[in-house]
Amino acid sequence: MKVGIDLIHFATADYYLGLDTFAAEKQIDVEKYTIGIGQEKMSIAPPDEDVVSLAAKAAAPILEQISREEISAILFATETGVDQSKSAGAFLHGLLGLSNRCRVVEFKHACYAGAAALQMATTMVRANPNENILVIAADIAKYDIDTSGEATQGCGAVAMLVTENPRIIAIEPGSGYYTNDVMDFWRPNHRTTALVDGKYSTKVYLNSLKHAWEHFTEQTKRNFNDIDYFCYHIPFTKMAEKAHKTLAKKVGVKLTQADFEKQTLPSQAYNRIIGNSYSASLFVGFISLLDNVRDNIEGKRVSFFSYGSGCVAEFFTGIMQTGYQSVLMTQQQQDNISQRKPLSYAAYLDFYHQADVNPDNIIYQKTNKGPYRLVGIEDYKRYYEKV
Ligand code: HMG
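Quick notes on the rules
- Residues numbered from 1 in each chain as written.
- Predicted model: local features only at pLDDT ≥ 70, side-chain atom pairs only at ≥ 80, totals over all residues.
- Heavy atoms only, no water.
- Core = buried A, V, L, I, M, F, W, Y, C linked by side-chain atoms within 4.5 Å.
- Buried < 20%, exposed > 50% of the residue type's maximum accessible area, 1.4 Å probe, protein only.
- Helix = DSSP H or I, 4+ residues; strand = E, 2+ residues; numbered from the N terminus.
- Contact = heavy atoms within 4.5 Å.
- Phe/Tyr/Trp six-rings, centres within 6.5 Å; stacked < 30°, edge-to-face > 60°.
- Lys NZ or Arg CZ within 6 Å of the ring centre and 35° of its normal.
- Expected span 1.5 Å × (residues − 1).
- Arc of directions from axis to C-beta.
- Pairing = 2+ DSSP bridges.
- Right-handed = clockwise from strand over helix to strand, strands pointing away.
- Near = heavy atom within 4 Å.
- Polar contact = N/O pair within 3.5 Å; in protein donor to acceptor, adjacent residues only side chain to side chain.
- Areas by Shrake-Rupley, 256 points an atom, 1.4 Å probe, with all protein chains shown as cover.
- Nonpolar A, V, L, I, M, F, W, Y, C, P; charged D, E, K, R; others polar.

**Student:** Let's hear about the nonpolar core: which residues, and what values?
**Tutor:** The biggest cluster of nonpolar side chains holds 90 residues, and the ones touching the most others in it are Ile136, Phe286 and Phe304. Broken down by element, the residue count for this core peaks at 10 residues, all from helix α3 (residues 51-63). With residues near it in sequence (within four places) discarded, Ile136 still touches Ala55, Ala59, Ile74, Leu75, Phe76, Ala77, Leu92, Val158 and Ala159. Counting 40 residues, the second largest nonpolar core, distinct from the first, contains Leu19, Phe236, Met239 and Tyr307.

Below, the structure is given as structure tokens:
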């Protein structure tokens, strides 16, 4: 039985901060960002955009292709949840007008939650092939001003429809995973920004990759040369580069520059200009591969390495399906990215500080240009609208 991603679409905010603008403001050589961490732009959410409006923007084109009555569950992965109790998926369910015969739950473990939700969805479909599950991975990456993390912000949401006989990729059974209780990145409940031990986090990421890989090969007997394209969690693209080189070295494969570029570069293109989108980032990378690889990759094996600080990691694979290109939404995604408006550093700071306060009552000015937005908060209750 084949189970996997039948449709996939991502959305990001309508604004970005260029790392050239950022570098000029901080009086730092821009190449530290463009070469050192491999990033050019960070998508910045305005105050009337949150993970719910981003998720609705990501999911809407999928819902044009399947009846709302047929969605049997929303598994919403985020570490930027909007309420400590009510799930972001419940807000999304209302905003999208889904059927009451649908289950909704929020998944959390840093950037890993998107992979966890996808794996849970495939298990549910294997148990009941009538399920059509909407998996959402959506986050807004935010660090304190003037910290090392500030250059690695960003935001995005990925919506995936998980079904039997998927048209894009069948997720293969068997995966390798690794958990270790470490403090490399965390966000205490009262904070809107994450705390991070940056350099340590990159070491834990690479160590987790090695452990998850060992478990993956034991479980599946697949090896490096069985995989055609590699997607990694991408906090910044240099991290994915380091990950791929670390993995190749571990398995004793001598990578040529051409191999490296073919296996990983198409999956980095979008992340380089969006920034970190935490739980969504791995799947933004997968969409980037689909939209930017030159060849037709039907029948090819794609790997996914998910890393969530704290930490949980998982390595798994899927097989690209015949005819997948006919259901991609490349143009919408490229338009969303290219139509973003640049922000000055002062305008970015204004958005940043407005989104920082969590008022009990507010009506937001309309700055989000997307199809769904957060209108305001009244007596601590959030209100959204379809524009
Ligand atoms: P930093 O202190 O700003 O930068 O921290 P740096 O001094 O280490 O420089 C970065 C690189 O740029 C170095 O290269 C420099 O040599 C180079 P490397 O040694 O790493 O190969 N460099 C230059 N290159 C060219 N021209 C120049 C130049 N100057 C310097 N002029 C750090 C960087 C990534 C630590 C920081 O941005 C940070 O703390 N980011 C946030 C944490 C993070 O993204 N960690 C990644 C792993 S953990 C993860 O992925 C999980 C996460 O997504 C959260 C979750 O799970 O929810 C974060």
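Next comes the rest of the account.
**Student:** Go over the packing of aromatic side chains, please, and point to the residues and values.
**Tutor:** Per the counting criterion, the structure on display carries 21 aromatic pairs. Consider the rings of Phe22 and Tyr345, whose centres lie 6.3 Å apart with planes at 55°: the pair is tilted. Remark: Tyr345 occurs in helix α12 (residues 345-356) and Phe22 occurs in helix α1 (residues 19-26); sequence separation between them is 323 residues. We note that Phe22, like Tyr345, is buried. Arranged with centres 5.1 Å apart and planes meeting at 55°, the rings of Tyr345 and Tyr348 form a pair that is tilted. Taken together, the positions of Tyr345 and Tyr348, both in helix α12 and three residues apart, correspond to about one turn of that helix. We classify Tyr345 as buried; its relative accessible area is 8%. Taking relative accessible area as the criterion, Tyr348 reaches 1% and is therefore assigned buried. Taken together through their ring pairs, the aromatic side chains of Tyr205, Trp213, Phe216, Phe224, Phe230, Tyr232, Phe305, Tyr307 and Phe315 make up a single cluster. Over the face of the ring belonging to Tyr16 we find Lys41, whose NZ or CZ atom lies 4.5 Å from the ring centre. The ring of Phe260 has Lys245 lying over it, and the distance from NZ or CZ to the ring centre is 4.8 Å.

**Student:** Help me get a handle on α12, residues and values and all.
**Tutor:** Helix length check: α12 (12 residues) gives 16 Å between terminal C-alpha atoms against 16 Å at 1.5 Å per residue, within 8%. By the burial criterion, the buried members of α12 are Tyr345, Tyr348, Phe351 and Tyr352. Each buried residue of α12 lies within a common arc of 125° when the element is viewed along its axis, so the set occupies one face. In this fold, the buried residues of α12 make contact with β2 (15-18), α1 and β3 (41-44).

**Student:** Residue-level account of the pairing of strand β13 (residues 301-308), with values.
**Tutor:** Counted residue by residue, β13 has eight buried out of eight residues, so it is predominantly covered. Burial along β13 is two-sided: the residues Arg301, Ser303, Phe305 and Tyr307 and Val302, Phe304, Ser306 and Gly308 are all buried. By the bridge criterion, four bridges tie strand β12 (residues 229-232) to β13 in an arrangement that is parallel. Paired with Phe230 across the strands is Ser303, a residue of β13. Summarising the sheet, β13 and strand β14 (residues 312-320) pair through eight bridges and their orientation is antiparallel. Residue pairing for β14: Val302 is matched across the bridge by Gly318. Joining the antiparallel neighbours β13 and β14 is a turn of three residues, in which Gly310 adopts a positive phi near 115°.

**Student:** Break down the side chain of Thr237 for me, with residues and values.
**Tutor:** Position of Thr237 relative to the elements: it lies in helix α7 (residues 237-251). Not counting the four nearest positions on each side in its chain, Thr237 is found in contact with Ile37, Gly38, Gln39, Gln268, Asn271 and Arg272.

**Student:** Break down the pairing of strand β4 (residues 73-77) for me, citing the residues and quoting the values.
**Tutor:** Judged by how many residues are buried, β4 sits mostly within the fold: five of five residues are covered. Side chains Ala73, Leu75 and Ala77 of β4 all project onto a buried face; the interleaved residues Ile74 and Phe76 project onto the opposite face, where all are buried too. Relative to strand β5 (residues 103-107), β4 is paired through five bridges, and the arrangement is parallel. Bridge pairing links Ala73 to Arg103 in β5. In this fold, β4 hands off to helix α4 (residues 88-96), which returns the chain to β5; that crossover is right-handed.

**Student:** Explain the site of the ligand residue by residue, including any values.
**Tutor:** Close to the ligand lie 29 residues; Glu79, Cys111, Ser201, Lys242 and Ser309 are nearest. The side chain of Thr152 places a nitrogen or oxygen atom 3.3 Å from a nitrogen atom of the ligand. Contact distances for the ligand include 2.8 Å between an oxygen atom and a backbone N or O atom of Ser309. Protein contact buries 75% of the 1,100 Å² of open area that the ligand shows by itself. Counting only elements with at least two residues in the shell around the ligand, the list comes to α2 (31-37), α6 (198-220), α7 and β13. The dominant element in the shell around the ligand, judged by the number of residues it contributes, is α6, at five residues. Classifying every residue of the shell around the ligand gives 11 nonpolar, 11 polar and seven charged.

Shape descriptors only; they carry no functional weight alone.
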